[in-house]
Amino acid sequence: MQDSLEKVHTSIVLKKTKRFADENGRFPVKLQISYRRKQKFYTVTGERCTPDEFDAIVSLKSKGDNKIRREKYNAIRLRADNVINEINSFSFEEFGIEYLGLKGRSATIKEYFEQKANELDDEAKIQTATLYRATIKSFQKFDDKISFQKINPKYLKKYENWMTDEGGTYTTVGMYMRNLRHIVNRALDDKIIKSYPFGTAKDKYQIPKSTNTKKALTITDIEKLYQYKADDRNEFVAQQYWFFSYLCNGMNMADIANLKYKNIKGNSLTFIRKKTKNTTSEKTEINVFLRPETFQILDSIGNMNKEPESYIFPIYKDGLTAIEENNKLKQHIKTTNKYFNRLAAKAGVEGNITTYWARHSYSTILKRSGAPIEFISEQLGHQSTKVTQNYLDSFEDETREKFSASLLSFNKN
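Below, the structure is looked at part by part. Everything quoted here is computed from the prediction, not taken from an experiment.

Remarks on helix α7 (residues 170-189)
Next, step 1: The terminal C-alpha atoms of α7, which comprises 20 residues, lie 28 Å apart, in line with the 28 Å expected from a rise of 1.5 Å per residue.
Next, step 2: For α7, the complete set of buried residues consists of Val 173, Gly 174, Tyr 176, Met 177, Asn 179, Leu 180, Ile 183, Val 184 and Ala 187.
Next, step 3: Once α7 ends, the next one or two residues include Lys 191, with phi positive near 65°.

What follows is the structure in structure tokens.
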């Protein structure tokens with residue numbers, strides 16, 4: 001039983017955060033656990049409602065279906081209270097294990113994946129949640145009776161071979177395996193499994209590293225794309241977005257979409273990458289020097305309202321849910337890639353040139369200009385230069401020839 005001075009409070013609440021709302025204005029219903037001024041929320045499966053609907057459900061005067069749902073909420077809260085009373089020394093981790101039924105051999109790998117995906121949904125990380133659900137779906141397609149007890153190095157290698165035989169890439173295999181490794185680590189902490197299958201030793205499974213084709217352009221190609229006069233508005237806008245990314249430290253489209261005018265101060269733009277905002281303890285602010293050409297892009301396609309809280313670009317608007325933002329971003333990237341690739345072909349630049357190339361081109365052009373890798377790493381917002389190295393393309397043939405000539409740069413007569 002918990003000490004009265006450290007009382008754990010339970011309640012059923014409506015998570016009324018805009019990014020969690022669906023297209024009908026309904027928010028998720030959550031079990032809220034409060035302890036020592038901290039709160040954690042747990043999904044009430046299948047329960048969403050508007051604020052008015054929620055008030056009607058939890059009212060003591062509720063009738064019919066509303067009364068049934070209120071009793072369901074009360075039962076969930078009572079179960080949570082019972083779990084808390086059985087814990088000798090409360091912690092959110094211990095509560096989660098007991099409440100979610102993730103202790104013991106009966107816990108399934110699918111439940112672990114779904115719980116992780118729900119957590120990501122709650123954090124508005126929609127794309128990552130989708131990737132976790134795709135991971136377990138793929139494993140279940142490989143083996144519809146998959147379990148923690150089956151997972152060993154030999155089993156994982158069989159899955160890898162099956163994936164590649166089915167046409168999957170090593171990039172996809174790597175992403176799915178890293179997701180599975182995260183789930184296995186959780187199960188290991190919960191003492192559901194004892195043997196760890198991943199590692200670099202001969203008797204362990206090593207997650208394959210993709211050999212991505214470098215997606216960097218030469219400065220000659222950059223010039224062709226910059227100088228080309230777009231044939232229509234769609235091509236022009238795509239061209240502007242691509243070069244904004246290129247000139248602004250290879251900023252990805254998710255970060256561009258989130259930019260607001262408050263991020264600009266004089267000739268500097270500062271932002272924190274959305275990708276690392278909730279994954280690192282130290283939030284690294286990236287500083288971008290804004291060239292005159294960048295300001296021209298802002299004037300060309302930026303929003304007219306330049307209030308500090310206004311979005312710089314017309315990709316998002318206030319009040320969108322996380323799902324709506326995700327859908328708008330995907331559509332924006334798709335449209336930009338379509339028209340910029342069309343422009344690139346007209347400009348005589350070969351390849352399927354997408355927004356992704358802007359980031360690789362930015363880092364590679366800096367490297368070829370003699371910039372230290374430490375500087376490039378800082379500009380990209382990477383935690384280590386090892387990550388940066390994956391972005392850097394190999395040197396051009398002219399550069400190899402130049403340095404090769406230096407090997408015999410003396411009078412040979």
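There's plenty left to go through after this.
Description of the packing of helix α5 (residues 126-142) against helix α6 (residues 153-165)
Next, step 1: With their axes 11 Å apart at the nearest point, α5 and α6 run at an angle of 95° to one another. The angle between the axes of α5 and α6 places the two elements in the roughly perpendicular class. Residues Ser 138, Phe 139, Lys 141 and Phe 142 of α5 form the contact with α6, whose participating residues are Tyr 155, Lys 158, Tyr 159, Trp 162 and Met 163.
Next, step 2: For the contact of α5 with α6, a count of residues per class yields six nonpolar, one polar and two charged.

Side note on the nonpolar core
Next, step 1: Counting 48 residues, the largest nonpolar core has Leu 225, Trp 242, Phe 244, Tyr 246, Leu 269 and Phe 313 as the members making the most contacts within it.
Next, step 2: Ranked by residue count, the leading element in this core is helix α9 (residues 233-247), at seven residues.
Next, step 3: Residues in contact with Tyr 246, not counting those within four places in the same chain, are Ile 219, Ile 222, Ala 358, Ser 361, Tyr 362 and Ile 365.
Next, step 4: Counting 27 residues, the second largest nonpolar core, distinct from the first, contains Phe 113, Ile 146, Ile 151 and Tyr 205.

Some details on the packing of α5 against α7
Next, step 1: Packing of α5 against α7 leaves a shortest axis separation of 9 Å and a crossing angle of 95°. The orientation of α5 relative to α7 falls into the category roughly perpendicular. Each of Leu 131, Tyr 132, Ala 134, Thr 135, Ser 138 and Phe 139 in α5 lies in contact with α7, whose residues at this interface are Met 175, Tyr 176, Met 177, Asn 179, Leu 180, His 182 and Ile 183.
Next, step 2: Split into classes, the residues belonging to the contact of α5 with α7 amount to nine nonpolar, four polar and no charged.

Details of the packing of aromatic side chains
Next, step 1: The final tally for this structure, using the stated rule, is 23 aromatic pairs.
Next, step 2: Between Tyr 226 and Phe 243, the aromatic rings sit 5.3 Å apart at their centres with planes inclined by 75°, giving edge-to-face as the arrangement. Residue Tyr 226 is found in helix α8 (residues 219-227), and its partner Phe 243 is found in helix α9; the two are separated by 17 residues along the sequence.
Next, step 3: The class for Tyr 226 is partly exposed, based on a relative accessible area of 40%.
Next, step 4: Aromatic side chains Trp 242 and Phe 243 sit 5.1 Å apart centroid to centroid with 70° between the ring planes, which places their arrangement in the edge-to-face category.
Next, step 5: Linked through ring pairs, Tyr 35, Tyr 42, Phe 90, Phe 92 and Phe 95 together constitute an aromatic cluster.
Next, step 6: In this arrangement the basic side chain of Lys 15 is found over the ring face of Phe 41, its NZ or CZ atom lying 3.6 Å from the centre.
Next, step 7: Across from the ring centre of Tyr 311, 4.9 Å away, lies the NZ or CZ of Lys 260, which sits over that ring.

Reading the values: rules and limits
- Residues numbered from 1 in each chain as written.
- Predicted model: local features only at pLDDT ≥ 70, side-chain atom pairs only at ≥ 80, totals over all residues.
- Heavy atoms only, no water.
- Helix = DSSP H or I, 4+ residues; strand = E, 2+ residues; numbered from the N terminus.
- Expected span 1.5 Å × (residues − 1).
- Buried < 20%, exposed > 50% of the residue type's maximum accessible area, 1.4 Å probe, protein only.
- Axes fitted to C-alpha atoms, helices over the stretch in contact; angles between N-to-C directions.
- Parallel < 35°, antiparallel > 145°, perpendicular 65-115°, else oblique.
- Contact = heavy atoms within 4.5 Å.
- Nonpolar A, V, L, I, M, F, W, Y, C, P; charged D, E, K, R; others polar.
- Core = buried A, V, L, I, M, F, W, Y, C linked by side-chain atoms within 4.5 Å.
- Phe/Tyr/Trp six-rings, centres within 6.5 Å; stacked < 30°, edge-to-face > 60°.
- Lys NZ or Arg CZ within 6 Å of the ring centre and 35° of its normal.

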